[in-house]
Amino acid sequence: MKQCTHADALPVPEPKPQSETCLECLAAGTHPVQLRLCLYCGHVACCDSSPLRHATAHHKESGHPVMRTYEPGESWRWCFVDHVLL
């Protein structure tokens, strides 16, 4: 089973969210479907089901590999590099 090679490097404690919504969507006048939180810097961005896919864009621009859902009642994490749920 494939594993994430980046989980051990995640900061502890988890970074505080930089916002409560996707600021890029807000600026573009669109609405996020769901939100994601970068576990390296706390950037909040929209998911890949949203029109502009800002969480993926943040990963591509920053190189930060792991994010988690920022939805109430959910706790899963995703590694963009290893393509695996944590």
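Just so it is clear, the model here is predicted, and its values are computed rather than measured.

What counts and how
- Numbering of residues begins from 1 in every chain and follows the order in which that chain's sequence is written.
- Since the coordinates come from a predicted model, pLDDT governs what is reported: local features require at least 70, and pairs of side-chain atoms require 80 or more to be given and counted, while whole-chain, interface and lining totals use all residues.
- Calculation of side-chain values draws on the structure's entire complement of heavy atoms; hydrogens and water are dropped beforehand.
- Between any two strands, pairing holds if DSSP finds at least two bridges.
- Only DSSP runs of H or I reaching four residues or more are called helices, and only runs of E reaching two or more are called strands; each is numbered from the N terminus.
- Any two residues whose heavy atoms approach within 4.5 Å are treated as being in contact.
- Orientation is described by axes fitted as lines to C-alpha atoms, over the contacting stretch for helices, and by angles from 0 to 180 degrees between their N-to-C directions.
- UniProt positions are given in the numbering used here, feature names are shortened, and annotations may be inferred rather than shown by experiment.
- Burial classes: relative accessible area under 20% of the type maximum marks a residue as buried, over 50% as exposed, and values in between as partly exposed (1.4 Å probe, protein chains only).

Asks: Residues and numbers for the sheet that holds strand β3 (residues 66-69), please.
Replies: Pairing is antiparallel across the open sheet formed by five strands, whose spatial order is β2-β1-β3-β4-β5. For this open sheet the edge positions go to β2 (44-46) and β5 (84-85), each flanked by a neighbour on one side alone. In this fold helix α2 (residues 54-62) packs onto β1 (35-38) and β2, with an angle of close to 125° to the strand it touches most, β2.

Asks: So, the environment of P13: which residues are in play, and what are the values?
Replies: Positionally, P13 belongs in the segment before α1 (23-28). As for P13 and L39, which are separated by 26 residues in sequence, their C-alpha atoms are 9.6 Å apart.

Asks: How would you summarise the UniProt feature "domain: UBP-type" (unreviewed entry) in the protein if you had to cite specific residues and measurements?
Replies: UniProt tags residues 2-86 as "domain: UBP-type" (unreviewed entry). Secondary structure content for residues 2-86 is 18% helix and 19% strand, and the end C-alpha separation is 10 Å.

Asks: If you had to explain the pairing of β3 to someone new, which residues and values would you point to?
Replies: Where β1 meets β3, three bridges bridge the pair, whose relative direction is antiparallel. Residue L37 lies in a different strand from β3, and its bridge partner there is R68. Here three bridges tie β3 to strand β4 (residues 77-79), and the two strands are oriented antiparallel to one another. Bridging across to β4, V66 finds its partner in C79.

Asks: With reference to specific residues and values, describe the environment of L23.
Replies: Along the polypeptide, L23 turns up in helix α1. Using a relative accessible area of 47% as the deciding quantity, one classes L23 as partly exposed. Between the C-alpha atoms of L23 and W78, which are 55 residues apart in sequence, the distance is 21 Å.

Asks: So what's going on with α2? Residues and values would help.
Replies: Within α2, the full set of buried residues consists of H54, A55, T56, H58 and H59. Against α1, β1 and β2 lie the buried residues of α2.

Asks: Go over the environment of C4 with me, naming the residues and quoting the values.
Replies: Its location among the elements puts C4 in the segment before α1. Each C-alpha atom, one on C4 and one on G73, is 23 Å from the other, the two residues being 69 residues apart in sequence. With near-sequence residues (within four places) excluded, C4 lies in contact with V66, C79, D82, V84 and L86.

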